[in-house]
Amino acid sequence: MADPVLVDQRGDATWITLDRPDRRNAYDPEMAEAIVDALDGSTRSRAVVITGVPGSFCAGGALTNLSAPDVTNMRGLYRASLRLFDAIRTHPRPVIAAVNGPAAGGGNELVVACDLAIAGESATFGQTGPRVGSAPVTGATNVLGVQIGEKRAKEMAFLCRRYTAAQALELGLVNAVVPDDELVGAVDALVEELAVLSPRYLEIAKVSSNIWWNAARDSFTNGLGMLVQAIGSPDMAEGATAFLEKRRPRFPAPDA
C-alpha cells in the first residue's frame, strides 16, 4: 500500500499531505505515526503545513466496525490521536493547517492543535462525537474553549453542527479564508512572512503559548481513559450503526 502521507519540501516549509482519499483522509494509527515521523523530520524547516489531498482535509480517526469494536485497536487509535496532536504542539516550528475540505471530528481537533490555520472557502468544520457514539476529548472539549469561547466550544462539541469556513473565521477557529484556488498561495505567503522571523524566538513564543494546551493535558488522558471504558457500549454500537445506515440514531435513554 502507498504511504499514507506525502511529504514535500517547498521552499522554507515542509508540506505534509494526508493521502487516504478513499476514507476522506481519516487517520488510523499507522497514518498518525507517519505524520508524527514527518513532523520529527521537519525541524530544519521554517514552518510545517498540514493539508489533505483534494476533496477532504481530514475526517478524523478511521473508526471501523464500531458496532463490534476491537478494544486493542481502539486504544491504539486513541493513543495515536494524542501522540499526533502533541507532536504538533511540541514541534519547534509553526504548524499551519491548510484546510482544503471538510475537517470533521478528529480532523477538526487537528485544526485546533495547529498553531495557525487558513481555510479554502468551501472547507467545513465540526465535531461528530455524540452523534456517532463518541466524544471529542483531545482539544474540542477543553482547548477549543480558549480559542473560540466556552459556550461556542460546547455548542460545537455537543450539537455536532457543521460550520462554513466563513463561520469558522468569525468564531476564531481559523486565521483567514480565501478562495479555494488561492489557498496554496495564501499559505505560501504566510510561510514567507514567518521565514524572515527568528526561529529561536518563534519557538519561545510557541512554547510559551502552549500554557493552555499543557494545562488541559491531564483532561486529554482522563477523557481517553473514559472513552476506552465506553468501548462496546450500546451508545457506541447505535451511533456507529446509524451512521453507516445514514439514519438518525436512537440512543438508549439516560439511566437516571
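Conventions used here
- Residues numbered from 1 in each chain as written.
- Predicted model: local features only at pLDDT ≥ 70, side-chain atom pairs only at ≥ 80, totals over all residues.
- Heavy atoms only, no water.
- UniProt positions renumbered as here; feature names shortened; annotations may be inferred.
- Buried < 20%, exposed > 50% of the residue type's maximum accessible area, 1.4 Å probe, protein only.
- Helix = DSSP H or I, 4+ residues; strand = E, 2+ residues; numbered from the N terminus.
- Pairing = 2+ DSSP bridges.
- Axes fitted to C-alpha atoms, helices over the stretch in contact; angles between N-to-C directions.
- Disulfide = S-S within 2.5 Å.
- Phe/Tyr/Trp six-rings, centres within 6.5 Å; stacked < 30°, edge-to-face > 60°.
- Lys NZ or Arg CZ within 6 Å of the ring centre and 35° of its normal.
- Patch = residues over 30% accessible without salt bridge, like charges linked within 9 Å, V, L, I, M, F, W, Y side chains within 5 Å.
- Areas by Shrake-Rupley, 256 points an atom, 1.4 Å probe, with all protein chains shown as cover.
- Salt bridge = Lys/Arg side-chain N within 4 Å of Asp/Glu carboxyl O.
- Contact = heavy atoms within 4.5 Å.
- Lys, Arg positive; Asp, Glu negative; His and termini not counted.
- Charge placed at Lys NZ, Arg CZ, Asp CG, Glu CD.

An unreviewed UniProt entry lists the protein under the name Enoyl-CoA hydratase/isomerase family protein, from Geodermatophilus maliterrae. UniProt annotates the protein under Sequence similarities (unreviewed entry) with the comment "Belongs to the enoyl-CoA hydratase/isomerase family."

Engineer: Sorry if this is basic, but what is going on with the pairing of strand S6 (residues 116-120) here?
Structural biologist: On any regular strand, side chains alternate: one points to one face of the sheet, the next to the other face. Counting buried positions over the five residues of S6 gives four, a clear majority of the element. With four bridges connecting them, strand S4 (residues 95-99) and S6 associate as parallel partners. The residue of S6 that forms the bridge with Ile96 is Leu116. Where S6 lies against strand S9 (residues 176-178), three bridges are found, and the strand directions are parallel.

Engineer: Explain the sheet that holds strand S2 (residues 13-18) here, please?
Structural biologist: To summarise the sheet geometry, strands pair through backbone hydrogen bonds and adopt either a parallel or an antiparallel arrangement. What the six strands build is an open sheet, ordered S1-S2-S3-S4-S6-S9; its pairing is mixed. The open sheet is flanked by strand S1 (5-10) and S9, the only strands paired with a single partner. Direction aside, neighbouring strands of the sheet carry axes that sit 20 degrees apart on average. Here six bridges tie S1 to S2, and the two strands are oriented antiparallel to one another. Along S2, the bridge assignment pairs Val7 with Ile16.

Engineer: Just to check I follow, could you spell out the state of the cysteines for this structure?
Structural biologist: According to the stated counting rule, one finds zero disulfides in the structure shown. Distance from the sulfur of Cys58, which forms no disulfide, to the nearest cysteine sulfur (Cys114) is 10 Å. Assessed through its relative accessible area of 0%, Cys58 is described here as buried. Classification of Cys114 as buried rests on a relative accessible area of 5%.

Engineer: Hey, could you run me through the packing of aromatic side chains in this one?
Structural biologist: How two aromatic rings sit relative to each other is given by the distance of their centres and the angle of their planes. Enumeration over the complete set of coordinates arrives at one aromatic pair. Geometrically, the ring pair formed by Trp213 and Phe220 is edge-to-face, given 4.8 Å between the ring centres and 70 degrees between the ring planes. The pair formed by Trp213 and Phe220 is uniform in burial state, with each residue classed as buried. Its end group placed over the ring of Trp15, Arg10 keeps NZ or CZ at 4.1 Å from the ring centre.

Engineer: It is not clear to me how a nonpolar patch on the surface should be interpreted in this structure. Could you clarify?
Structural biologist: Taken together, the side chains of Val146, Ile211 and Trp212 make up a nonpolar region of the molecular surface, amounting to roughly 320 Å² of accessible area. Along the chain, Trp212 turns up in helix H10 (residues 211-229).

Engineer: Help me understand the sheet that holds strand S8 (residues 163-164) in this model?
Structural biologist: Pairing in this open sheet of three strands is mixed, and the strands run S5-S7-S8 from one edge to the other. With one partner strand each, in any of the chains shown, strand S5 (102-104) and S8 form the two edges of the open sheet. Taken together, the three bridges between S5 and strand S7 (residues 124-126) define a ladder with parallel strand orientation. Counted as the bridge partner of Pro102 is Thr124 from S7. Set on the sheet, helix H3 (residues 106-113) makes contact with S5 and S7; between it and S5 the angle comes to about 95 degrees.

Engineer: Could you clarify how one ought to interpret a negative patch on the surface in this entry?
Structural biologist: Residues Glu121, Asp180, Asp181 and Glu182 make up a contiguous surface patch of negative charge. Mapped onto the secondary structure, Glu182 falls in the loop between S9 and helix H8 (183-195).

Engineer: Which parts of the structure should I look at to understand the pattern of salt bridges?
Structural biologist: It is possible for side chains bearing opposite charge to pair when their charged atoms get close. A complete count under the given rule lists 11 salt bridges for this structure. The salt bridge involving Asp8 is made with Arg10; its shortest N-O contact spans 4.0 Å. Residue classification places Asp8 among the partly exposed residues on the basis of a relative accessible area of 34%. A salt bridge links Lys206 to Asp115; its shortest N-O distance comes to 2.8 Å. Here Asp115 lies in the loop between H3 and S6 and Lys206 lies in helix H9 (residues 199-209), a separation of 91 residues in the sequence. Where salt bridges share partners, they join Arg152, Glu155 and Arg161 into one cluster.

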